[in-house]
Amino acid sequence: MIVYRASALDLTPKRPEHVLLIAEVVSPGSETTDRKLKLVDYAVAGIEHYWRVEEAGTGVPVVFTYLLDPSGPIYRATEIFTGVVKATVPFAVEIDLQR
C-alpha cells in the first residue's frame, strides 16, 4: 500500500518524495526482500515511513513500523502493533487486523 502526501494527489507522475508511507505485506518467499532490501531501497529513496505486516505464529498479523532517520538514509524501528494498529504517526489511524 502506498499513501501519498495530500499535496501530491494531482501530480503525475508520482515520485518518491510524494510518498508519505509504504506498507508491505510479507508473504512466503518475500521475507528477505521485505525485511532487509526494501528497508534500504525505501530509505535511500527518502520514504519517511515504512510499515511491514507479517503473520505471527498465532495467525494474528503484526505490524512493524519504521521512521526514516534524519541523519542518514536508514530506518529506525518505532512501534510494533499486534491485533490492532493505533498509530498517531504519520497520521492518526486505528485498524483492526483481526477482521
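Residues numbered from 1 in each chain as written. Predicted model: local features only at pLDDT ≥ 70, side-chain atom pairs only at ≥ 80, totals over all residues. Heavy atoms only, no water.

Caption draft 1: Quick look at the pattern of salt bridges. On inspection of all chains with the given rule, the structure shows 7 salt bridges. Among the salt bridges present, the one from Arg 5 reaches Glu 48, with a minimum N-O distance of 3.2 Å. One end of the pair, Arg 5, is in the loop between strand E1 (2–4) and strand E2 (19–25); the other, Glu 48, is in the loop between helix H1 (31–45) and strand E3 (49–55), and 43 residues separate them in sequence. Among the ionic pairs, Glu 54 bridges to Arg 52, the shortest N-O distance being 2.6 Å. Across the pair, exposure class does not vary: Glu 54 and Arg 52 are buried alike. A network of salt bridges, in which partner residues are shared, links Glu 24, Asp 34 and Lys 38. (Salt bridge = Lys/Arg side-chain N within 4 Å of Asp/Glu carboxyl O. Helix = DSSP H or I, 4+ residues; strand = E, 2+ residues; numbered from the N terminus. Buried < 20%, exposed > 50% of the residue type's maximum accessible area, 1.4 Å probe, protein only.)

Caption draft 2: Layout of the pairing of E3. Counting buried residues in E3 gives 6 out of 7 residues, a clear majority hidden from the surface. Pairing of E2 with E3, which is carried by 5 bridges, proceeds in the parallel orientation. Bridge pairing in E3 links Ile 22 to Tyr 50. Taking the sense of rotation as the criterion, the β-α-β connection linking E2, H1 and E3 turns out right-handed. Where E3 folds back onto strand E4 (residues 61–68) in an antiparallel hairpin, the turn is made up of 5 residues, including Gly 59, whose phi is positive at roughly 90 degrees. (Pairing = 2+ DSSP bridges. Right-handed = clockwise from strand over helix to strand, strands pointing away.)

Caption draft 3: Expanded view of the nonpolar core. Ranked by size, the top nonpolar core spans 11 residues in total: Val 3, Leu 20, Leu 21, Ala 23, Trp 51, Val 53, Val 63, Phe 81, Val 85, Ala 87 and Leu 97. Put simply, the parts of the chain that give this core at least two residues each are E2, E3 and strand E6 (84–87). Broken down by element, this core gets its largest block of residues, 3 residues, from E2. The contacts of Ala 87, once residues within four sequence positions are left out, are Trp 51, Phe 81, Ala 92 and Val 93. If you look at the next biggest cluster of nonpolar residues, it comprises 10 residues, including Val 19, Leu 39, Tyr 50 and Leu 68. (Core = buried A, V, L, I, M, F, W, Y, C linked by side-chain atoms within 4.5 Å. Contact = heavy atoms within 4.5 Å.)

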